[in-house]
Amino acid sequence: MFKKSVLGTIIAITTLSGCAIHQTVKPVDRFDDKEICIIDNPAVRTGFVEAYKRALTTKGYVVKRLPPSSSIVECRITSTYNATWRWDLALYMTFAEIKVYNNGKPIGEAKYDSQRGGANMGKFIDADKKINELTNQLFPGGAGS
């Protein structure tokens with residue numbers, strides 16, 4: 001009986017340890033610009049860019065949206081984004097990535113990845129809240145600070 005219990009615990013721990021959710025953020029350094037240009041990504045649900053724009057506006061930035069064909073050097077400070085959703089009992093955001101460039105050079109990046117979330121129920125997040133969290137971590141000081 002004891003061996004079965006220990007074996008069951010080991011299997012459960014091993015299975016759940018493979019159900020990882022990762023989030024990494026490399027915050028941008030301070031810059032004086034208040035305008036951030038976001039290059040639209042038509043492959044991503046429109047709610048993502050709207051939530052990202054709201055989060056930036058709340059931090060004091062002026063957001064200018066650019067067409068998908070725009071270059072990352074179109075504005076001094078430019079941002080790109082990508083995200084995917086999956087269905088597993090409910091639709092949820094499984095991956096999000098935001099990159100920020102200053103004159104075409106990478107200056108910050110935020111990434112959320114629950115693609116290997118498996119049985120981890122923490123993958124069922126509110127996408128708007130996660131985008132806001134990533135934005136706050138990516139731009140810790142706000143516009144002009």
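Worth saying up front: this structure is predicted, and the values here are computed from it rather than measured.

### Some words on the overall build of the protein
Phase 1 of the analysis: Summing up its helical and strand segments, the protein has 3 helices and 6 strands in all.
Phase 2 of the analysis: Going from the N terminus to the C terminus, the protein shows its helices and strands as α-β-β-α-β-β-β-β-α.
Phase 3 of the analysis: For the protein, the proportion of its 145 residues judged to be buried stands at 36%.
Phase 4 of the analysis: Considering only intrachain contacts with a sequence separation of at least 6, the fraction spanning at least 24 residues in the protein is 69%.

### Things to note about the confidence of the model for the protein
Phase 1 of the analysis: Residues at a pLDDT of 70 or more form 74% of the protein, whose mean pLDDT is 81.
Phase 2 of the analysis: Confidence drops under pLDDT 50 across residues 5-17; counting only partners more than four residues distant or on other chains, this segment forms 1 contact.

### Comments concerning helix α3 (residues 127-138)
Phase 1 of the analysis: With 12 residues, α3 extends 16 Å from end C-alpha to end C-alpha; this agrees with the ideal 16 Å at 1.5 Å per step.
Phase 2 of the analysis: Taken together, the buried positions of α3 are occupied by Ala127, Lys130, Ile131, Leu134, Thr135 and Leu138. The buried residues of α3 occupy an angular sector of 135 degrees when the element is viewed end-on, so they sit on one face.

### Here's the deal with the packing of aromatic side chains
Phase 1 of the analysis: Summed over all chains, the structure comprises 4 aromatic pairs.
Phase 2 of the analysis: Taking the centre distance of 6.5 Å and the plane angle of 75 degrees together, the rings of Phe31 and Phe139 count as edge-to-face. Taken as a pair, Phe31 in the loop between β1 (22-26) and β2 (35-39) and Phe139 in the segment after α3 lie far apart in primary sequence, 108 residues in all. Side by side, Phe31 and Phe139 carry an identical accessibility label, which is buried.

### Here's the deal with the nonpolar core
Phase 1 of the analysis: Membership of the largest hydrophobic core comes to 28 residues, with the highest contact counts inside it found for Phe31, Phe48, Tyr52, Leu56, Met93, Val100 and Phe139.
Phase 2 of the analysis: Taken together, the elements giving at least two residues each to this core come down to β2, α2 (46-58), β4 (77-87), β5 (91-102), β6 (105-113) and α3.
Phase 3 of the analysis: Sorting elements by how many residues they give to this core places α2 first, with 5 residues.

### Remarks on the environment of Ile36
Phase 1 of the analysis: Secondary-structure assignment places Ile36 in strand β2.
Phase 2 of the analysis: What makes Ile36 buried here is its relative accessible area of 0%.
Phase 3 of the analysis: Taking C-alpha positions, Ile36 is 7.9 Å from Arg76, a pair spaced 40 residues apart along the chain.
Phase 4 of the analysis: Not counting residues up to four positions away in its chain, the partners in contact with Ile36 are Phe31, Leu56, Tyr61, Val62, Val63, Lys64, Ile77, Ser79 and Phe139.

### Focus: the pattern of salt bridges
Phase 1 of the analysis: This structure, assessed with the given rule, holds 6 salt bridges.
Phase 2 of the analysis: Here Arg76 and Asp33 are joined by a salt bridge, their closest N and O atoms 2.1 Å apart. Highlighted residues: Arg76 in the loop between β3 (62-66) and β4 and Asp33 in the loop between β1 and β2, separated in sequence by 43 residues.
Phase 3 of the analysis: Residue Glu97 pairs with Lys111 through a salt bridge whose shortest N-O separation is 3.5 Å. With a gap of 14 residues between them, Glu97 in strand β5 and Lys111 in strand β6 connect regions that are remote in the sequence.

Procedures and definitions
Residues numbered from 1 in each chain as written. Predicted model: local features only at pLDDT ≥ 70, side-chain atom pairs only at ≥ 80, totals over all residues. Heavy atoms only, no water. Helix = DSSP H or I, 4+ residues; strand = E, 2+ residues; numbered from the N terminus. Buried < 20%, exposed > 50% of the residue type's maximum accessible area, 1.4 Å probe, protein only. Contact = heavy atoms within 4.5 Å. pLDDT = per-residue confidence, 0-100. Expected span 1.5 Å × (residues − 1). Arc of directions from axis to C-beta. Phe/Tyr/Trp six-rings, centres within 6.5 Å; stacked < 30°, edge-to-face > 60°. Core = buried A, V, L, I, M, F, W, Y, C linked by side-chain atoms within 4.5 Å. Salt bridge = Lys/Arg side-chain N within 4 Å of Asp/Glu carboxyl O.

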